[in-house]
Amino acid sequence: MSNTDLATAAPDRSNPTRPQDARMESSERSQRAVAPAVDIFEDAGGITLLADMPGVSRENLDVRLHGDSLAIEGQASIATAEDMRALWAEVSVPCFRRTFTLSRELDAGRIEANIKDGVLSLRIPKQAHAQAKKISVRAG
Amino acid sequence: MLDTMFYRPQGLLDQLTTLHQALTRSLTGDGTPDAIRSVAAGSFPGINVGRTTKTLEVYAFAPGLDAASIDVTVERGVLKISGERRGSAPGGDLKVQTYAAERPMGRFTRALTLPDDADTAKVEATYRDGVLRVSVGLQEAAQPTRIAVR
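In this text, all values refer to a predicted model and were calculated from it rather than measured experimentally.

Engineer: What exactly am I supposed to notice about the environment of Leu61(A) here?
Structural biologist: Within the element layout of this structure, Leu61(A) appears in strand β3 (residues 61-66). Classification of Leu61(A) as partly exposed rests on a count of 18 C-beta atoms within 10 Å.

Engineer: It is not clear to me how the sheet that holds β3(A) should be interpreted in this structure. Could you clarify?
Structural biologist: Strand pairing in a sheet is mediated by backbone hydrogen bonds. Such pairs are either parallel or antiparallel. All names here are of chain A. Here three strands make up an open sheet; going across it, the order is β3-β4-β6 and the pairing antiparallel. Pairing within the sheet leaves two strands with one partner each, and these edge strands are β3 and β6 (95-101). Here the strands of the sheet are splayed against their neighbours by 10 degrees on average, with no regard to which way each runs. Bridge analysis of strand β4 (residues 69-75) against β6 gives seven bridges, and the strand direction is antiparallel. Counted as the bridge partner of Ser 69 is Thr 101 from β6.

Engineer: I keep staring at the interface of chain B and chain A and nothing clicks. Help me out?
Structural biologist: Interfaces are frequently sized by the accessible area removed from exposure as the parts join. Contacts between the two partners involve 39 residues from chain B, matched on the other side by 34 residues from chain A. Class assignment for the residues of the side of chain B that touches chain A results in 20 nonpolar, 11 polar and eight charged. By the bridge criterion, four bridges tie strand β5 (residues 85-89) of chain A to strand β1 (residues 46-51) of chain B in an arrangement that is antiparallel. In the sheet register, Arg85(A) faces β1(B), and the bridge partner there is Arg51(B).

Engineer: How should the sheet that holds strand β7 (residues 118-128) of chain B be read in this particular structure?
Structural biologist: One open sheet accounts for five strands, arranged β5(A)-β1(B)-β2(B)-β8(B)-β7(B); its pairing is antiparallel. Here the strands that pair on one side only, and so sit at the sheet edges, are β5 of chain A together with β7 of chain B. Averaged over all neighbouring strand pairs, the angle between strand axes comes to 20 degrees, with direction disregarded.

Engineer: What exactly am I supposed to notice about unusual backbone geometry here?
Structural biologist: Of note, the amide linkage connecting Phe44(B) to Pro45(B) takes the cis form, showing an omega dihedral of -5 degrees. Residue position: Pro45(B) is located in the loop between α2 (12-26) and β1. Backbone geometry at Asp117(A) places phi at a positive 50 degrees, although glycine is not the residue there. Unusually for a residue other than glycine, Arg76(B) sits at a positive phi of about 50 degrees. Within the secondary structure layout, Arg76(B) lies in the loop between β3 (71-75) and β4 (78-85). Classification of Arg76(B) as exposed rests on a count of 7 C-beta atoms within 10 Å.

About the criteria used
- One numbering rule holds for all chains: residues counted from 1, following each sequence as written.
- Throughout, the order in which chains and ligands are written sets their labels, letters from A for the former and numbers from 1 for the latter.
- Totals for whole chains, interfaces and linings use every residue, but because this is a predicted model, local features are given only for residues with pLDDT of at least 70 and side-chain atom pairs only at 80 or more, for both listing and counting.
- The secondary structure listing takes helices from DSSP runs of H or I that are at least 4 residues long and strands from runs of E that are at least 2 residues long, numbered from the N terminus.
- With C-beta atoms placed from the backbone, a residue is buried if 20 or more other C-beta atoms are within 10 Å of its own, exposed if 12 or fewer are, and partly exposed between those counts.
- Pairing between strands requires that DSSP locate at least two bridges from one strand to the other.
- Here the axes come from fitting lines to C-alpha atoms, over the contacting stretch only for helices, and the angles between their N-to-C directions go from 0 to 180 degrees.
- Throughout, a pair of residues is in contact if the C-beta atoms placed from their backbones lie within 7 Å.
- For this scheme, ten residues count as nonpolar: Ala, Val, Leu, Ile, Met, Phe, Trp, Tyr, Cys and Pro. Four count as charged, namely Asp, Glu, Lys and Arg, and the remainder, Gly too, count as polar.

Now the structure itself:
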């Protein structure tokens with residue numbers, strides 16, 4: 001995914017020519033994609049994101065950060081015989097794509113990504129200074 | 001290679017026709033599936049089926065499983081795939097907040113009636129990158145034979 005794609009995801013309404021540009025860009029995109037199902041958890045140290053991307057290996061996975069936009073994209077690649085013909089297909093789009101907007105207290109520079117058995121797991125730690133501090137309430 | 005897996009091999013119009021036929025076959029007028037073992041669209045795991053001259057190939061898109069815990073059985077011509085996805089929330093910690101829980105969890109089973117020419121003695125299953133591939137052999141007789149014209 002190029003930087004332009006991320007910009008397209010958040011169209012700039014102030015510029016009237018923008019929607020048309022966006023259409024052109026999306027038609028130039030080589031492939032349709034589906035949004036993978038995700039689980040998102042937050043604990044004291046950061047955020048954990050799990051995404052179902054069956055058929056995606058580490059080589060075909062792309063995790064990209066542009067500003068505060070985190071884009072995940074993966075191509076499913078499955079070994080099939082040359083002479084196979086499809087009889088039934090519930091999964092018809094071999095590409096997963098989804099974008100998330102991070103908030104400032106997250107430390108985008110220390111994101112860890114891992115993919116195993118078609119599940120992408122991302123750990124986005126919080127900035128050290130952003131971790132929760134208990135604020136004591138004094139009796140007035 | 002992927003083309004045969006994800007796209008129907010014909011042109012766009014044929015593709016739409018095939019899709020429409022598939023939908024008509026699987027949906028009755030009130031929008032419910034009519035095959036006795038069909039499940040609602042979007043059920044976990046998604047299944048694709050293809051056929052080569054020698055095998056029937058079933059792909060189940062079931063990420064995040066332990067290969068040893070997947071059950072693949074063939075009984076009386078019905079192929080069943082079952083397993084369990086365990087919750088992934090960092091266990092039992094009360095301080096963990098969940099913002100999204102879209103991934104299906106728990107036990108699942110999908111069943112498919114195999115064609116008459118399936119050879120249930122020749123079934124192989126492999127699990128890779130979250131995709132289970134079950135390859136069912138087809139009986140020799142079902143493979144096309146060339147008839148010499150005299």
